[in-house]
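# Reading the structure
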Amino acid sequence: MKYLIPGDYMADPCAHVFNDKLFIYPSHDRESGIQENDSGDHFDMKDYHAFSLDDVEKGDVTDHGVILDTKDIPWAGRQLWDSDVACKNGKYYLYFSLKDKNDIFRLGVAVSDLPQGPFIPQNDPIRGSYSIDPCVFQDNGDYFIYFGGIWGGQLQRYRDNKALENGAYPADNENAICARVAKLSGDMLQFAEDPKPVVILDRSGKPLTAGDTERRFFEASWMHKCGGKYYFSYSTGDTHLICYATGNNPYGPFTYQGVILTPVVGWTTHHCITEYKGKWYLFHHDSVPSGGKTWLRSLKVTELKYNDDGTIQKMEGTQ
Ligand code: FUB
């Protein structure tokens, strides 16, 4: 596994091929001095950079500089977390997680004519959006947005897309909280429908339970398609695994398959899976270069391999 941007702290990668180049859009970690806590207040990021490269194994990474800054987002409170970028009809859409002025996480959109930005934010968050970690996936001309994260990501505060008076976690034997998915509107700026739960089933067809912390969803949704199968991958958060589940359409349900990446150094683990020039890659982060500081993470990449039956070969996070 190789560090991609040794000169700065970057995390939560999403990578996409635009105009034959590979573009990476990470979160930009910084030292804020904020005490570490379970709400993630110490992840106090303020801007994003875009990076591009032509060759994952040997090439130089170009830093395109700041592409969006919280000071330019009219509704911004604090904490610019994970993002994703999609392209439609020659325009680029950056989807991001940010707390509003009431300290509630929302999803925002910013638009650019170029993949390297800069991106101009919309005046308001996506209507009806909540929680964190957007991932946008294009399938047969439709665009789907996946999102959500429990604990500091606030997903436990919502049921049926409505805010609860008091956030609540299900009991261990109840169904786990699910990520959400919604089709995007034609202009890419709003949900086109009410978000639906991304249900993950075990091999016997039962939804994973909240107590099944080694397999249930926590945050960091990613969707990719390979060989006609839909792969929903995600972090288990407090058990520090990247896992995946497969299905036969973008909404699921998905059946749990296994672990892609064992725990890395650092608390969070977050990834994306992208094909470039005929190879599949896993991009992710760890906290080795910062000496284990959980809020100062560095981007890594490694080749991802499938077995003949479409299952993904497990990788060691400490490699
Ligand atoms: O970077 C802040 C948060 O940490 C992300 O939104 C989560 O997925 C976790 O990586």
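Details of the structure are given in the entry above.
The following refers to the structure shown.

What counts and how
- Residues numbered from 1 in each chain as written.
- Predicted model: local features only at pLDDT ≥ 70, side-chain atom pairs only at ≥ 80, totals over all residues.
- Heavy atoms only, no water.
- Helix = DSSP H or I, 4+ residues; strand = E, 2+ residues; numbered from the N terminus.
- Rg over C-alpha atoms; globule rule 2.2 N^0.38 Å.
- Contact = heavy atoms within 4.5 Å.
- Areas by Shrake-Rupley, 256 points an atom, 1.4 Å probe, with all protein chains shown as cover.
- Buried < 20%, exposed > 50% of the residue type's maximum accessible area, 1.4 Å probe, protein only.
- Polar contact = N/O pair within 3.5 Å; in protein donor to acceptor, adjacent residues only side chain to side chain.
- Phe/Tyr/Trp six-rings, centres within 6.5 Å; stacked < 30°, edge-to-face > 60°.
- Lys NZ or Arg CZ within 6 Å of the ring centre and 35° of its normal.
- 1 Å grid on protein atoms, 1.4 Å probe; cavity = no way out; pocket = protein on both sides within 12 Å on 5 of 7 lines; lining within 4 Å.
- Points joined across faces, edges and corners; volume = space filled by probe spheres on them.
- Nonpolar A, V, L, I, M, F, W, Y, C, P; charged D, E, K, R; others polar.
- Core = buried A, V, L, I, M, F, W, Y, C linked by side-chain atoms within 4.5 Å.
- Pairing = 2+ DSSP bridges.
- Near = heavy atom within 4 Å.
- Sits in = over half its atoms within 2 Å of the grid points.

### Comments concerning the overall build of the protein
The number of helices and strands found in the protein is 0 helices and 23 strands. In terms of overall size, the protein behaves like a compact globule, its C-alpha atoms giving a radius of gyration of 18 Å where 319 residues would be expected to give roughly 20 Å. The C-alpha extent of the protein, read off along each of the three principal axes, is 45 × 45 × 45 Å. Considering only residue pairs separated by 6 or more positions, the protein has 53% of its internal contacts joining residues 24 or more positions apart. About 13000 Å² of surface is accessible on the protein, with carbon and sulfur atoms providing 46% of the total.

### Quick notes on the side chain of Q79
Within the element layout of this structure, Q79 appears in the loop between strand 5 (62-69) and strand 6 (83-88). The class for Q79 is buried, based on a relative accessible area of 1%. Engagement of the side chain of Q79 in a polar contact is seen with the backbone oxygen of F43, the distance being 3.0 Å. With near-sequence residues (within four places) excluded, Q79 lies in contact with G40, D41, F43, D44, M45, S97, L98, K99 and F105.

### Some details on the packing of aromatic side chains
Going through the model one piece at a time under the given rule, you end up with 23 aromatic pairs. Measuring from centroid to centroid gives 5.6 Å for F232 and Y234, while their planes differ by 20°, and the two rings are stacked. The burial state of F232 is the same as that of Y234; both residues are buried. One aromatic cluster is present, formed by Y146, F217, F232, Y234 and F254 through successive ring pairs. Lying over the aromatic face of Y256, R215 brings its terminal NZ or CZ to 5.3 Å of the ring centre.

### Some words on the layout of surface pockets
Estimates place the volume of the largest pocket at around 410 Å³. Contributing to the lining of the largest pocket are 19 residues, with H16, V136, F137, Q138 and M223 lying nearest its centre. Of all the secondary structure elements, the ones that give two or more residues to the lining of the largest pocket are strand 2 (10-18), strand 6, strand 10 (135-139), strand 17 (219-226) and strand 21 (271-276). Within this model, the second largest pocket holds a volume of roughly 330 Å³. What lines the second largest pocket is a set of 24 residues, and nearest its centre among them are G40, F43, E219, W267 and T268. Along the lines of polarity and charge, the residues of the lining of the second largest pocket split into 8 nonpolar, 9 polar and 7 charged.

### Some words on the nonpolar core
Counting residues in each nonpolar core, the largest one holds 99 residues, and the members touching the most others are Y95, F96 and F232. With 6 residues, strand 7 (residues 91-99) is the single largest residue contributor to this core.

### Brief notes about the sheet that holds strand 21
Strand order in the open sheet formed by 4 strands is 1-23-22-21, and the pairing between neighbours is antiparallel. Each end of this open sheet is capped by a strand with a single partner; those strands are strand 1 (2-3) and strand 21. Two elements, strand 22 (residues 279-286) and strand 23 (residues 298-304), share 7 bridges in a ladder whose sense is antiparallel. Looking at the pairing, H285 lines up with L299 of strand 23.

### Brief notes about the site of the ligand
Taken together, the neighbourhood of the ligand is formed by D12, M45, W81, D82, I132, D133, E219, T268, H270, H285 and R297. D133 places a polar side-chain atom, nitrogen or oxygen, 2.6 Å from an oxygen atom of the ligand. Contact between the ligand and R297: an oxygen atom at 2.7 Å from a side-chain N or O atom of the residue. For the ligand, whose unbound accessible area comes to 280 Å², protein coverage reaches 99%. More than half of the atoms belonging to the ligand lie within 2 Å of the grid points that define the second largest pocket. Tallied by class, the residues present in the shell around the ligand amount to 3 nonpolar, 3 polar and 5 charged.

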